[in-house]
Amino acid sequence: MSVDDRHFERVGGRTVFEGKIITVVVDRFRYRDGAEVEREIVRHKGAVGVVVHDDTHLYLVRQPREAVGDPDSLEIPAGRLDKEGESPLEAAQRELAEEIGKAASRWERVTSYVTSAGMSDEVVHVFHATGLTGRSAEPEEHERIEIVRWPLDDIDGALAATRDSKTIIGLQWLKLDRG
């Protein structure tokens with residue numbers, strides 16, 4: 001198959017489920033060579049994650065993740081892009097305040113990545129936040145979040161204690177950035 005044969009266009013589709021967080025569609029695509037395929041796709045508005053620390057501690061959260069059967073998933077503060085017109089940075093700032101009660105004076109974009117390119121269009125935007133000040137934490141009504149202060153000099157321990165992709169990506173970046 002040549003490079004040109006890999007280009008495609010969407011030629012139809014249907015929504016099979018529409019929920020609060022995701023929509024599932026079955027879309028049909030045609031390649032330049034005329035072949036057509038159907039793909040089941042999870043549509044998601046995207047999310048943010050924040051690698052946040054002061055001079056001595058990382059700020060992480062523990063929360064239940066029912067989808068993977070984990071009652072205590074260790075993660076960087078994060079949340080969905082679910083407010084109309086809100087940029088990824090604004091969402092990250094909101095989530096930092098809601099989940100751990102902090103604001104940050106310095107923000108840096110780390111990366112944006114696709115969570116599962118074979119089945120979903122979800123993009124997660126990871127930021128680095130420092131220069132912390134206190135704000136009141138306001139978790140959403142249904143969230144069960146425990147704030148975890150983790151020693152900054154034990155990034156390897158935090159990596160070993162998580163299975164969450166945004167957390168692994170963010171902490172690996174921090175480890176490399178710190179040398």
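> What is the right way to look at the packing of aromatic side chains in this model?
Geometry of an aromatic ring pair is reported as the spacing of the ring centres plus the angle between the planes. Under the criterion given, the structure shown has 3 aromatic pairs. Relative to Phe29, the ring of Phe8 has its centre 5.5 Å away and its plane inclined at 85 degrees; by these criteria the two rings are edge-to-face. Placement of Phe8 in strand β1 (residues 8-18) and of Phe29 in strand β2 (residues 22-31) is noted, with a sequence separation of 21 residues between them. By relative accessible area, Phe29 is classed as buried at 12%. Relative to Tyr31, the ring of Phe8 has its centre 5.8 Å away and its plane inclined at 65 degrees; by these criteria the two rings are edge-to-face. Of the two residues, Phe8 is situated in strand β1 and Tyr31 in strand β2; the sequence distance between them amounts to 23 residues. A connected cluster of aromatic rings, assembled from ring pairs, spans Phe8, Phe29 and Tyr31.

> Honestly, helix α3 (residues 165-178) in this entry has me stumped. Any pointers?
For α3, which comprises 14 residues, the first-to-last C-alpha distance of 20 Å matches the rise-based estimate of 20 Å (1.5 Å per residue) to within 8%. All of the buried residues in α3 are Lys166, Thr167, Gly170, Leu171, Trp173 and Leu174. One side of α3 holds all its buried residues, which, seen down the axis, span an arc of 155 degrees. Within two residues after α3, Gly179 carries a phi angle of roughly 80 degrees, on the positive side.

> Would you mind showing me how to read the sheet that holds strand β4 (residues 47-52) here?
The strands that make up a sheet pair up through hydrogen bonds in the backbone, lying either parallel or antiparallel. Reading across the sheet, the 4 strands line up as β7-β4-β9-β8 and stay open at both edges, with mixed pairing between neighbours. Two strands close off the open sheet at either side, each with one partner strand: β7 (78-80) and β8 (102-114). Averaged over all pairs of adjacent strands, the angle between their axes in this sheet comes to 25 degrees, without regard to strand direction. The pairing of β4 with strand β9 (residues 123-134) spans 6 bridges and is classified as parallel.

> Quick question: what am I supposed to make of the nonpolar core here?
When a protein is soluble and globular, its nonpolar side chains tend to lie buried together. Of all hydrophobic cores here, the largest spans 19 residues; its most connected members are Leu58, Leu60, Val126, Trp150 and Leu174. Residue assignment for this core shows that the elements contributing at least two residues are β4, β5 (57-65), β8, β9, β10 (146-151), α2 (155-160) and α3. Discounting chain neighbours no more than four positions away, the residues touching Leu174 are Val51, His53, Leu58, His128, Leu152 and Ile155. Core analysis: the next-biggest nonpolar cluster, separate from the first, contains 13 residues, Val50, Tyr59, Val61 and Ala92 among them.

> Looking at this model, I keep getting lost on the pairing of β9. Mind explaining?
Within a regular strand, the side chains alternate between the two sheet faces. Bridging between β8 and β9 involves 11 bridges; their strand directions are antiparallel. Paired with Ser112 across the two strands is His125, which belongs to β9.

Rules behind the numbers
Residues numbered from 1 in each chain as written. Predicted model: local features only at pLDDT ≥ 70, side-chain atom pairs only at ≥ 80, totals over all residues. Heavy atoms only, no water. Phe/Tyr/Trp six-rings, centres within 6.5 Å; stacked < 30°, edge-to-face > 60°. Helix = DSSP H or I, 4+ residues; strand = E, 2+ residues; numbered from the N terminus. Buried < 20%, exposed > 50% of the residue type's maximum accessible area, 1.4 Å probe, protein only. Expected span 1.5 Å × (residues − 1). Arc of directions from axis to C-beta. Pairing = 2+ DSSP bridges. Axes fitted to C-alpha atoms, helices over the stretch in contact; angles between N-to-C directions. Core = buried A, V, L, I, M, F, W, Y, C linked by side-chain atoms within 4.5 Å. Contact = heavy atoms within 4.5 Å.

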